[in-house]
Every structure is written in structure tokens, then in C-alpha cells.
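What follows is each chain in one-letter form.
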Amino acid sequence: EAQWEYACRAGTQGAFHIEESKCTKPKGIDPVLDQLGWYNANSNSKTHPVKAKAANDWGLYDMHGNVWEWCRDGKREYSIETKVNPIGPVEKGAGRVVRGGSWDSRAQFCRAAFRSRWPPGFDGDRNGLRLSAGQEHEKGEAEPTTAERS
């Protein structure tokens, strides 16, 4: 879950992956989210092909809206202590965190910080997961190392 948020924000701190962005219309057409993702105000009640909206600064598309993304760990409570890569419950049967919102979510549920939890086995046309096989690199650059791909 923490890795998902890190990837979504791409070094920014706003509600969406644009620096200083705010969710100005949590229940309507949000002008920033409209550029970045498919949600209930612009999706026509369906999923859309990847790359139809703007990518974040790291080249990741559809981090806001389109489909909820399953995360490996369960929902944990936040604390005031700083933690590096915290992990929620992962035991069998624990609900798993979903992030990003979907095509039928209001703008407020597509924010980078919003998180929810679903029980194991929950399925539907609003769910998905993100597979990552490495990054493209410029012609002439060295192939990324395993550590860089992680």
C-alpha cells in the first residue's frame, strides 16, 4: 500500500499527482482530476483504455480512477511515528487495501491519500491490479539494474 501511494504521488504532495493540487469538487467535476483520471463525473459509467489521460511525472497512467487497485497488504492504522515501507496485515482472510478510485467513484475517493479495504474474493468491474515489468529507457542508456527496477 505504501509503495502504491509513493508511485502515485511521484514526488508530489497534492491530492492528485500534480504538485499542490487540491480536490476542489469532491462530489462533482473536479478540474484537476478531469485531466488525470476516469471517475463518476467523466467516465460514462465504464472503464477506459490505459493512457487516455495524463501520466504522472514518473510516466505512470491511471493512478487516479478507472479501476481500484488491489494492494498486497491489509488496512493498517496510521501512527505519528515515521515508518519506512509499513505493511498492514497479510494473514489469510484479512481484507486488502484498494487505492486510486474507479470509474464510478466521486473525486474525493480518487485522491492519492484515500484508501479503502475489501474482503478477499471481492470482485467486479471496478477492480484491477497493476503489473510492473520495468521502465523504458532512452536509446543508448545502459539497461536498468535489478535494484533500479525495484
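## Brief notes about the overall build of the chain
Check the secondary structure of the chain and you find three helices and four strands. For the chain, the N- to C-terminal ordering of α and β elements is α-α-β-β-β-β-α. Within the chain, the proportion of its 150 residues that are buried is 39%. Long-range pairs, those at least 24 residues apart, make up 58% of the contacts in the chain between residues at least 6 apart in sequence. A total of about 9400 Å² of accessible surface is found on the chain, and carbon and sulfur atoms cover 51% of it.

## As for the pattern of salt bridges
One pass over the full model with this rule turns up five salt bridges. Measuring nitrogen to oxygen at the nearest pair gives 3.0 Å for the salt bridge that ties Arg-99 to Glu-1. A residue pair is termed long-range when its members are at least 10 positions apart, and Arg-99 in strand β2 (residues 96–99) and Glu-1 in the segment before α1 (2–9) qualify at 98 residues. For the pair Arg-99 and Glu-1, a shared accessibility class is recorded, and that class is buried. For Arg-115, the salt bridge is made with Glu-1, and the minimal N-O distance between the two is 2.5 Å. Taken as a pair, Arg-115 in strand β3 (residues 115–118) and Glu-1 in the segment before α1 lie far apart in primary sequence, 114 residues in all. Neither residue differs from the other here; Arg-115 and Glu-1 are each classed as buried.

## Examining the environment of Asp-125
Here Asp-125 shows up in the loop between β3 and β4 (127–128). Since its relative accessible area comes to 48%, Asp-125 is described here as partly exposed. Taking C-alpha positions, Asp-125 is 7.7 Å from Val-67, a pair spaced 58 residues apart along the chain. In contact with Asp-125, other than residues within four places in its own chain, are Thr-47, Val-67 and Trp-103.

Reading the values: rules and limits
Residues numbered from 1 in each chain as written. Predicted model: local features only at pLDDT ≥ 70, side-chain atom pairs only at ≥ 80, totals over all residues. Heavy atoms only, no water. Helix = DSSP H or I, 4+ residues; strand = E, 2+ residues; numbered from the N terminus. Buried < 20%, exposed > 50% of the residue type's maximum accessible area, 1.4 Å probe, protein only. Contact = heavy atoms within 4.5 Å. Areas by Shrake-Rupley, 256 points an atom, 1.4 Å probe, with all protein chains shown as cover. Salt bridge = Lys/Arg side-chain N within 4 Å of Asp/Glu carboxyl O.

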